[in-house]
Amino acid sequence: MRKTLQIATIFLLLFISCESPRKATSVVDLRVEYTTNPVGIDIVKPRFSWKMESGEKGVYQTSYKIVVATDESLKNIVWNSGEVISEKSVHIVYEGEVLKPATRYFWKVSVKNQDSQEIVSTGKAFFETGLMDSGWSNAQWIKPDQDDTKSAVAMFRTTYSLNKKISSARLYSSGLGIYEVFINGKRVGTPNEKGVRQYEEFKPGWTDYTHTVFYSTCDVRDLLKQGENVIGSIVAPGWWKGAISFGKYGKPDLGFIAKLVLNYTDGSSEIIVTDPKTWKFCLNGPIEFSDFYHGETYDARKESAWTSPGFDDSGWQTCGINTGFKGDITAFIGPTVQVREHLQRLPVKITRYDGVTKTESDHGMINVKESLNKPAKVKLPKGQTVVYDLGQNITGWVKFKVKGKSGTEVTVKFAEMLNDEGKKSRGDDGPGGSLYRINMRSAKTTLKYTLKGAKQGEEYHPTTTFFGFRYCDLTATDDIEILSLTGEVVGTASEEVGSISTGHPVVNQLLSNIIWGQRSNFLSIPTDCPQRDERLGWTGDIQIFGRTASYNADLASFFHKWMGDMRDSQRDDGAYPDVAPHCWVGWGQAAWAEAGIIIPWTTYLMYNNKGIIEENYKSMEKYMDFLASRADEKYKYNGAGTNYGDWVSYVKTDSRYISVCYYAYSALLMEKMSLALSNNKEDEYALKSEYYRTLYNNIKQEFQTRYTNENGLLEQNTQTAYLLALKLDLFASEEIKKEAINQLKSLIVDNGNKLNTGFIGTGTIMPTLSDAGLIDIAYNLLLQRENPSWLYSVDQGATTIWERWNSYTKENGFHPDIGMNSFNHYAYGAVAEWIYRYVAGINTDEQNPGFKHIILNPMPDFRKTFPEGQEQIKQVDASYNSYYGKIRSAWKIEEDGSVKYDINIPANTTARLSLILNKETGEVYESGEPVKVTNGIVSVLKENGKMVIELKSGDYSFVVR
Ligand code: BGC
């Protein structure tokens, strides 16, 4: 008996270990307008999405039913979609009763799977409307009624008395300048799913304030109490009034507007609004100076409990009315800017120094007194300096705790690099070991903090400015002790959805640099750099990096928002701006302005939201009209302006040539986007698509007349010129195209397997080479270590992507063109798009975008010969969490030459996987068996040296021998 039991137990254990139950299918990640439980949306017909998650193969949705109600138990139904036979699970448009403003709606979805089993979403899902058209109840923009010339911040406050029990309380607010709200001494934030308050930095975010400013909605019920309550707000210059606005809005006043809606348990309600009669202001708070470029000055001795009840505000003055803003106040869109706590950095090196040691170099070297390799307390005597190295270039600020006498002033300066040898010939701007700051140009990037003298020390971080930095140094007017210092990363908190790692550590560092470039430069808008006196929404940079960025993070709503900025800033003649929101430089430059066409296309490809095309279509047409208006007989099809060309390239390509190519590109994309909106062959969009096809053909004709020689090849003999013409299919015949590919190959090989492209050429080089059958050359470029190349900058110590490949070199020091020595510019990071789409092969299907049908075309490093010093990349593991779930593509080249591919296809999607066959044998196995049509594998076809396999959802393990 005992023996039988033992055997049974062994069998049971074996069963459990081999057959661990597969995860049942569930419906998860419910979102409205791309957001989990959004509060304060003003969209009349919001869109719903969800994911099916399953451990099984071949799972898909056959129908869905959405129920929306005003109560959590879903009884007061405002929309019941009924069972809709559809596989669609993203962008389902609300079709119920007209939504009311300021109302919370709850919803659930039930779907049926391929076996007609019903699966119901679990957990609380809701969305809450904002003010919609219900207005601001006479809330007024208030301002400090006093001239402010010092870039100080304004503090506003009011008090009111509460005697009833509250059932709900919502604060709607906005600022002219960046603002923060406090109620009864506590900062206002939005509680997340777990009830933890999340704080937004730099509200209301950056928009084109000639047209739009956002308001935000916060649930503030738990901050209120019976008796006297205080609402306080701080408004700093930010993008409205600071140096970064380049005077766009004249000399405006700071402003604040708020509407607090209180609903009581007895059914009554009350509204409290900003009004100059009941609100007071003060310009003499602890933040004495604030500016994004220049920093913040903070005197802790001026701190007071001004946001709490009982504070004596008799010294405060009555507000005025701010009439400076003429646009619309609309509900906030997109992910907010936050302190990204999981990314915070601690010092990896701390160096305290006292003056300079005389050496032969011009500036000398710092005279080191103490050097530590980990976070530690530091005693800093007056007159000395301490340098902190965070080991990573970031965007944000430092939070530090210091102890010292009241009135001591601490100065903190920021830099991306250190001077190395203290030599002018190497571009150093100070002694070796000190901060290199000259590349900040006019941005002062400085914090000044005056201690109040707290016994246990005092902690501070700025709240109204940010810096792009890896290093900072501190000096003080008296002896202090620095108890701690942390680098806090501040940026748009979009969800990171992509990851790639390879078997090559230096390539992995490059990938890390790319994602850090994105974290650093997505701050309310996509910026060029986070450190010097720019930090602007340069359109060219994001059109180049946009696809990579959307693999790295979920940008559906971020781009939706930014395209609003593009439309707001579009010139009357249709030209898109060079920077959006527009505040500086001009409009309509080739390859920059086209971001207005390229970003909607990229967003559509990644998320299949036709909405972004619809919303921007008129504006894009207007841009196309602008381009058309620039054609004349002599210089037909000029394209847009020629100011920027192939920015920072080593070899110049004619910028008019680039502009004509981009005109062709825009026409091509307009054709595709028109087709996406067309429902039948004769509708308006079908006609438009034909119009743009003809336009493209005409531009192509003109291109050939103007730019090709008697052999049909280019007179512009540069890599960038060939890349654009090949990408956009501008050559006259397939034969000429073949010649062009050979020419491009020679231009790279003869250049020692190096690129010499700038922003424009580099943005397109790798996919274009791969499409042209030159993937081996692309791998040679990726693994190139000499200047210029991606890994060259990594070898020079980069932890983010640089504006130039050689902004700094170990050999020669800093690049002499200081103004463009940014060490945090993402454009060259566009190479990651190629790694996702070609190396790992995770691609969307243009005919069925948004990864509903996935094209998986991994292209491992099958080079037979390697340039000197290069080696093969033996493995890559990439994943992308699409709107249907996580797609994974991993490959490994084994010692015996066989290649293993691990593939995951999320539920409710299908994929076409193409595996490159080993020419001699052509054998492919899945989970150890020769590949055949079976569970999950729909079809298998050998064509052109590849095996093409149609897959249903599930996890697969293939081996090509
Ligand atoms: C910016 C670039 C931008 C360029 C225009 C620079 O100053 O930093 O990223 O695209 O100007 O050429």
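In this text the structure is predicted, and so the values were computed from the model without any measurement.

Asks: Summarise the overall build of the protein; cite the residues concerned and give the values.
Replies: Within the protein one finds 15 helices and 55 strands. A compact globule built from 961 residues would reach a C-alpha radius of gyration of about 30 Å, and the protein, at 30 Å, matches this within 12%. For the protein, the spread of C-alpha atoms along the principal axes amounts to about 90 × 85 × 80 Å. For the protein, the share of sequence-separated contacts (at least 6 apart) that also reach a separation of at least 24 residues comes to 74%. Accessible surface, the protein: about 37,900 Å² in total, of which carbon and sulfur atoms supply 48%. Taking the average place of the 109 positive charges on the side chains of the protein and the average place of its 117 negative ones, the gap between the two points comes to 4 Å.

Asks: Tell me about the packing of helix 4 (residues 539-552) against helix 12 (residues 759-771), and please be specific about residues and values.
Replies: The interhelical angle for the contact between helix 4 and helix 12, taken along N-to-C directions, is 10 degrees, at an axis separation of 10 Å. In terms of orientation, helix 4 lies roughly parallel with respect to helix 12. Note on element contacts: helix 12 touches helix 4 through Phe-759, Ile-760 and Gly-763, opposite Asp-541, Gln-543 and Ile-544. Its residues placed into classes, the contact of helix 4 with helix 12 shows three nonpolar, two polar and one charged.

Asks: Before we move on, could you go through the packing of helix 12 against helix 15 (residues 831-839) and cite the residues and values that matter?
Replies: Viewed as axis vectors pointing N to C, helix 12 and helix 15 meet at an angle of 35 degrees, and their least axial separation amounts to 7 Å. Contacts between helix 12 and helix 15 pair Met-766, Pro-767, Ser-770 and Asp-771 from the former with Val-831, Glu-833, Trp-834 and Tyr-838 from the latter. Grouping the constituent residues of the contact of helix 12 with helix 15 by class yields five nonpolar, one polar and two charged.

Asks: Can you explain the environment of Ser-619? Please cite residues and give values.
Replies: Mapped onto the fold, Ser-619 is located in helix 7 (residues 610-629). The exposure class of Ser-619 is buried, given its relative accessible area of 7%. The spacing of Ser-619 and Gly-503 is 116 residues in sequence and 45 Å in space, taken between C-alpha atoms. With sequence-adjacent residues up to four places away left out, Ser-619 is seen in contact with Arg-567, Gln-570 and Tyr-576. Here the side chain of Ser-619 touches Tyr-576 through a polar contact of 2.5 Å, side chain to side chain.

Asks: Outline a nonpolar patch on the surface, listing residues and values.
Replies: A contiguous nonpolar surface patch, about 220 Å² in accessible area, is contributed by Phe-246, Trp-584 and Val-585. Positionally, Val-585 belongs in the loop between helix 5 (556-569) and helix 6 (595-607).

Asks: So, the site of the ligand: which residues are in play, and what are the values?
Replies: Taken together, Asp-528, Arg-532, Glu-534, Trp-538, Asp-541, Trp-592, Tyr-644, Trp-647, Phe-759, Glu-803, Met-820 and His-825 make up the full set of residues near the ligand. In the environment of the ligand, an oxygen atom lies 2.6 Å from a nitrogen or oxygen atom belonging to the side chain of Glu-534. One nitrogen or oxygen atom from the side chain of His-825 is found 2.9 Å from an oxygen atom belonging to the ligand. Computed on the free molecule, the ligand has an accessible area of 310 Å², of which 97% lies beneath the protein chains in the complex.

Asks: Describe the sheet that holds strand 55 (residues 954-960), with residues and values.
Replies: As summarised here, the arrangement of the seven strands in space is 40-47-48-49-55-51-52, forming an open sheet in which the pairing is antiparallel. Each having just a single partner strand, strand 40 (498-502) and strand 52 (929-930) make up the two edges of the open sheet. Inspection of the sheet shows strand 51 (residues 924-926) paired to strand 55 by three bridges, in the antiparallel sense. Within strand 55, the residue paired with Tyr-925 across the bridge is Val-959.

Asks: Please give an account of the packing of aromatic side chains that cites residues and values.
Replies: A complete count under the given rule lists 70 aromatic pairs for this structure. Aromatic side chains Trp-538 and Tyr-644 sit 5.3 Å apart centroid to centroid with 85 degrees between the ring planes, which places their arrangement in the edge-to-face category. Of this pair, Trp-538 sits in the loop between strand 42 (525-526) and helix 4 while Tyr-644 sits in the loop between helix 7 and helix 8 (655-677); the two residues are 106 residues apart in sequence, bridging distant segments of the chain. Using a relative accessible area of 9% as the deciding quantity, one classes Trp-538 as buried. In this structure an aromatic cluster arises from ring pairing among Phe-246, Tyr-293, Trp-538, Trp-584, Trp-592, Tyr-644 and Trp-647. The ring centre of Tyr-883 lies 5.5 Å from the NZ or CZ of Arg-31, which sits over that ring. Sitting over the face of the ring of Tyr-925, Arg-961 holds its NZ or CZ atom 5.3 Å from the ring centroid.

Asks: Can you lay out the pattern of salt bridges for me, pointing to particular residues and giving the numbers?
Replies: Close approach of charged atoms allows side chains of opposite charge to pair. Counted according to the given criterion, the structure contains 52 salt bridges. Between Lys-448 and Glu-409 there is a salt bridge whose closest N-O contact spans 3.7 Å. With a gap of 39 residues between them, Lys-448 in strand 36 (residues 446-450) and Glu-409 in strand 33 (residues 409-415) connect regions that are remote in the sequence. Overall, the relative accessible area of 30% leaves Lys-448 in the partly exposed class. Residues joined in a network through salt bridges with shared partners are Asp-29, Arg-31, Lys-51, Glu-495 and Asp-554.

What counts as what
- Residues numbered from 1 in each chain as written.
- Predicted model: local features only at pLDDT ≥ 70, side-chain atom pairs only at ≥ 80, totals over all residues.
- Heavy atoms only, no water.
- Helix = DSSP H or I, 4+ residues; strand = E, 2+ residues; numbered from the N terminus.
- Rg over C-alpha atoms; globule rule 2.2 N^0.38 Å.
- Contact = heavy atoms within 4.5 Å.
- Areas by Shrake-Rupley, 256 points an atom, 1.4 Å probe, with all protein chains shown as cover.
- Lys, Arg positive; Asp, Glu negative; His and termini not counted.
- Charge placed at Lys NZ, Arg CZ, Asp CG, Glu CD.
- Axes fitted to C-alpha atoms, helices over the stretch in contact; angles between N-to-C directions.
- Parallel < 35°, antiparallel > 145°, perpendicular 65-115°, else oblique.
- Nonpolar A, V, L, I, M, F, W, Y, C, P; charged D, E, K, R; others polar.
- Buried < 20%, exposed > 50% of the residue type's maximum accessible area, 1.4 Å probe, protein only.
- Polar contact = N/O pair within 3.5 Å; in protein donor to acceptor, adjacent residues only side chain to side chain.
- Patch = residues over 30% accessible without salt bridge, like charges linked within 9 Å, V, L, I, M, F, W, Y side chains within 5 Å.
- Salt bridge = Lys/Arg side-chain N within 4 Å of Asp/Glu carboxyl O.
- Near = heavy atom within 4 Å.
- Pairing = 2+ DSSP bridges.
- Phe/Tyr/Trp six-rings, centres within 6.5 Å; stacked < 30°, edge-to-face > 60°.
- Lys NZ or Arg CZ within 6 Å of the ring centre and 35° of its normal.

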